[in-house]
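Report on the structure
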Amino acid sequence: MVGLDGLDWDVLRPMLADGRMPNLARLAASGSTGTMIVPPPLRSPAIWTSAATGASPDAHGVKDFFIGTRRTASSDRRVEAIWESASFSSKTVAVVGWLATWPAEAVRGVIVSDQALNPNVREGRVYPPDALKNFKTWAAWDAFGQESMERLKRFIPFEWVPRYPRYWPEDSPQFKRHELVAKRLAYIFMRDESQTRMLESFLRTKPDLGMVHLWGGDFVSHAFWRAAFGDASATERLDFGNVITSYYQYLDELVGRLARAAGPDTLLVLLSDHGFTSWTPPPGDTHPFLTGNHTPQAVLILSGPGVIPNARMESPRIVDVTPTLERWLGIAPVSGREGRVLEEVFQPGFLPPSLPPRASTRRPAPSAPSALSPAEIERLRASGYLR
């Protein structure tokens, strides 16, 4: 399951049609696609937890990135997640970067929590503690170093200077455009690459369930929507007009890499948590650089053995993902799942028989409150999630 945060059908469809996203185009053509209407509030931790539990936020308890002054923890989740039910049924899992998974829980396999790349968090970043022992460094590169400057050239036509505060005053156009790259592109690009590399490595062991959350589509859409699709100035369009489509192409590369690592006998579930549309910050807003905002339309693509090409999904929902995966894996569903199995997209008789639900065994471990670091607060503010 690949979580493509913020992926929007209106951006995606023409890119699939004209060949700019060959991996997703192949998977969509050989599989089944649908649009999920996600109920508000459109807060990413809540939605991704619904995808992983088959439950609504009111049931699973994860509502946002934070509770008071601390970050939301995995122990705040009240419903058994798919990686727990798979582990209970002796299936192996590899989960990377899924939101609200810190501290990493004990599973039959590996969890790299969403705080694994956060230098301010020392405990509970991964399970088991030596899960990333084969990685010299967890981050693919320094998001604010020389390598990042070179790699970012695929998205922007100017040379980004990581130490831009040394060279330009804060009210200058040069500072502002470099600041936008720093807040909205440099870190999240490194995060998506790092987490893809981790799951690629884990997939070599052939876990029964693999999951990764890729956040970049959301970050760039918030910041560069006007430059790509709105009434941007000529300078803004020149600097940032291709960032969103270029990032979609990068995500397509990541999906292709993960599909190859998983192998041909794998069910691939690609989904987003919401779409995007243009947005004009109100006067005096503290985030005047945010020009895109969430819509409830989310992408869903299923491709792999047993999936009927172009099968019509009957009003799929985000809570249907986990029940469908549990059925695919041949494990008993957990009582209280609100979703259903998307049986209509599979060939008759292909899925394992339905098993009676079982009671949840979830016993979350207590976690110490963890204050949000200044860097985390700034990233959440840059996304419009914290005001």
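Located above this text is the structure these notes cover.
Residues numbered from 1 in each chain as written. Predicted model: local features only at pLDDT ≥ 70, side-chain atom pairs only at ≥ 80, totals over all residues. Heavy atoms only, no water.

Bringing the nonpolar core into the picture now. Counting residues in each nonpolar core, the largest one holds 114 residues, and the members touching the most others are Leu-24, Trp-83, Ile-156 and Leu-271. Take this core: its biggest share by element is 14 residues, from helix 7 (residues 173-203). Aside from chain neighbours lying at most four places away, what touches Leu-24 is Leu-4, Leu-7, Leu-12, Leu-16, Asp-252, Val-255, Leu-270 and Ile-301. (Core = buried A, V, L, I, M, F, W, Y, C linked by side-chain atoms within 4.5 Å. Buried < 20%, exposed > 50% of the residue type's maximum accessible area, 1.4 Å probe, protein only. Helix = DSSP H or I, 4+ residues; strand = E, 2+ residues; numbered from the N terminus. Contact = heavy atoms within 4.5 Å.)

The subject of this paragraph is the pairing of strand 8 (residues 209-214). Across the 6 residues that make up strand 8, a large majority, 6, are buried. Of the two faces of strand 8, the one carrying Leu-209, Met-211 and His-213 and the one carrying Gly-210, Val-212 and Leu-214 are both buried. Note: strand 1 (residues 2-4) against strand 8, 3 bridges, orientation parallel. Bridging across to strand 8, Val-2 finds its partner in Val-212. Pairing geometry for strand 5 (residues 93-96) and strand 8, over 4 bridges, is parallel. Residue pairing in the sheet places Ala-94 in a bridge with Gly-210 of strand 8. (Pairing = 2+ DSSP bridges.)

Now for the pairing of strand 2 (residues 32-37). The two faces of strand 2 differ: Ser-32, Gly-34 and Met-36 on one face are buried, but Thr-33, Thr-35 and Ile-37 on the other face are not. Sheet analysis places strand 2 next to strand 12 (residues 297-303), joined by 6 bridges and oriented antiparallel. Note on strand 12: the bridge partner recorded for Thr-33 is Ile-301.

For the rest of this paragraph, the subject is the environment of Ser-201. Within the secondary structure layout, Ser-201 lies in helix 7. Residues Ser-201 and Asn-134, spaced 67 residues apart in sequence, show a C-alpha to C-alpha distance of 9.2 Å.

Time to look at the packing of helix 7 against helix 10 (residues 243-262). Two elements in contact, helix 7 and helix 10, have axes separated by 9 Å at closest approach and are oriented at 10 degrees. Looking at the two axes, helix 7 sits roughly parallel to helix 10. Residues Leu-185, Ile-188, Phe-189, Asp-192, Glu-193, Thr-196, Arg-197, Leu-199, Glu-200 and Leu-203 of helix 7 pack against Val-243, Tyr-247, Tyr-250, Leu-251, Leu-254, Arg-257, Leu-258, Ala-261 and Ala-262 of helix 10. By residue class, the composition of the contact of helix 7 with helix 10 is 13 nonpolar, 1 polar and 5 charged. (Axes fitted to C-alpha atoms, helices over the stretch in contact; angles between N-to-C directions. Parallel < 35°, antiparallel > 145°, perpendicular 65-115°, else oblique. Nonpolar A, V, L, I, M, F, W, Y, C, P; charged D, E, K, R; others polar.)

Omega for the bond connecting Trp-102 with Pro-103 falls within 30 degrees of zero, at -5 degrees, which places this linkage in the cis form. Considering the arrangement of structural elements, one finds Pro-103 in the loop between strand 5 and strand 6 (109-112). Backbone torsion omega between Tyr-127 and Pro-128 reads -10 degrees, so that peptide bond is classified as cis. The topology assignment puts Pro-128 in the loop between strand 7 (126-127) and helix 6 (146-151). Unlike most non-glycine residues, Ala-100 shows phi in positive territory, near 65 degrees. Looking at where Ala-100 falls in the secondary structure, it is placed in the loop between strand 5 and strand 6. Given the relative accessible area of 8%, Ala-100 is considered buried. Of note, the phi angle at Ser-315 is positive, near 50 degrees, even though the residue is not glycine. With respect to the element layout, Ser-315 can be found in the loop between strand 12 and helix 11 (321-329).

Okay, the side chain of Glu-80 next. Inspection of the secondary structure assignment puts Glu-80 in the loop between strand 4 (70-71) and helix 5 (82-88). A polar contact of 2.4 Å, which involves the side chain of Glu-80, links it to the side chain of Arg-358. A polar side-chain atom of Glu-80 sits 3.0 Å from the main-chain amide nitrogen of Thr-361. Discounting chain neighbours no more than four positions away, the residues touching Glu-80 are Ala-52, Thr-53, Ser-85, Val-334, Arg-337, Arg-358, Ser-360, Thr-361 and Arg-362. (Polar contact = N/O pair within 3.5 Å; in protein donor to acceptor, adjacent residues only side chain to side chain.)

A full pass over the atoms with the stated rule returns 19 aromatic pairs. Between Phe-189 and Tyr-247, the aromatic rings sit 6.4 Å apart at their centres with planes inclined by 75 degrees, giving edge-to-face as the arrangement. Of this pair, Phe-189 sits in helix 7 while Tyr-247 sits in helix 10, and the two are 58 residues apart along the sequence. Phe-189 sits in the buried class, given a relative accessible area of 2%. Ring centres 5.0 Å apart and planes at 85 degrees place the aromatic pair Phe-189 and Tyr-250 in the edge-to-face group. Placement of the pair is Phe-189 in helix 7 and Tyr-250 in helix 10, with a sequence separation of 61 residues. For the pair Phe-189 and Tyr-250, one class covers both residues: buried. Following the ring pairs from residue to residue traces out a cluster consisting of Trp-141, Phe-155, Phe-189, Tyr-247 and Tyr-250. One cation-aromatic arrangement involves Arg-71 over Trp-102; the distance from NZ or CZ to the ring centre is 5.2 Å. Across the ring face of Phe-158, the terminal group of Arg-177 is positioned such that the distance to the ring centre comes to 4.0 Å. (Phe/Tyr/Trp six-rings, centres within 6.5 Å; stacked < 30°, edge-to-face > 60°. Lys NZ or Arg CZ within 6 Å of the ring centre and 35° of its normal.)

Our next topic: empty space enclosed by the protein. This structure, assessed with the given rule, holds 2 cavities of 30 Å³ or more. Considered as a void within the structure, the second largest cavity measures approximately 30 Å³ in volume. In terms of lining, the second largest cavity is formed by Val-269, Leu-302, Val-321, Thr-324, Leu-325 and Leu-342. It is helix 11 that contributes the most residues to the lining of the second largest cavity, 3 residues altogether. Grouping the constituent residues of the lining of the second largest cavity by class yields 5 nonpolar, 1 polar and no charged. (1 Å grid on protein atoms, 1.4 Å probe; cavity = no way out; pocket = protein on both sides within 12 Å on 5 of 7 lines; lining within 4 Å. Points joined across faces, edges and corners; volume = space filled by probe spheres on them.)

These results come straight from atomic positions and should not be treated as a statement about function.
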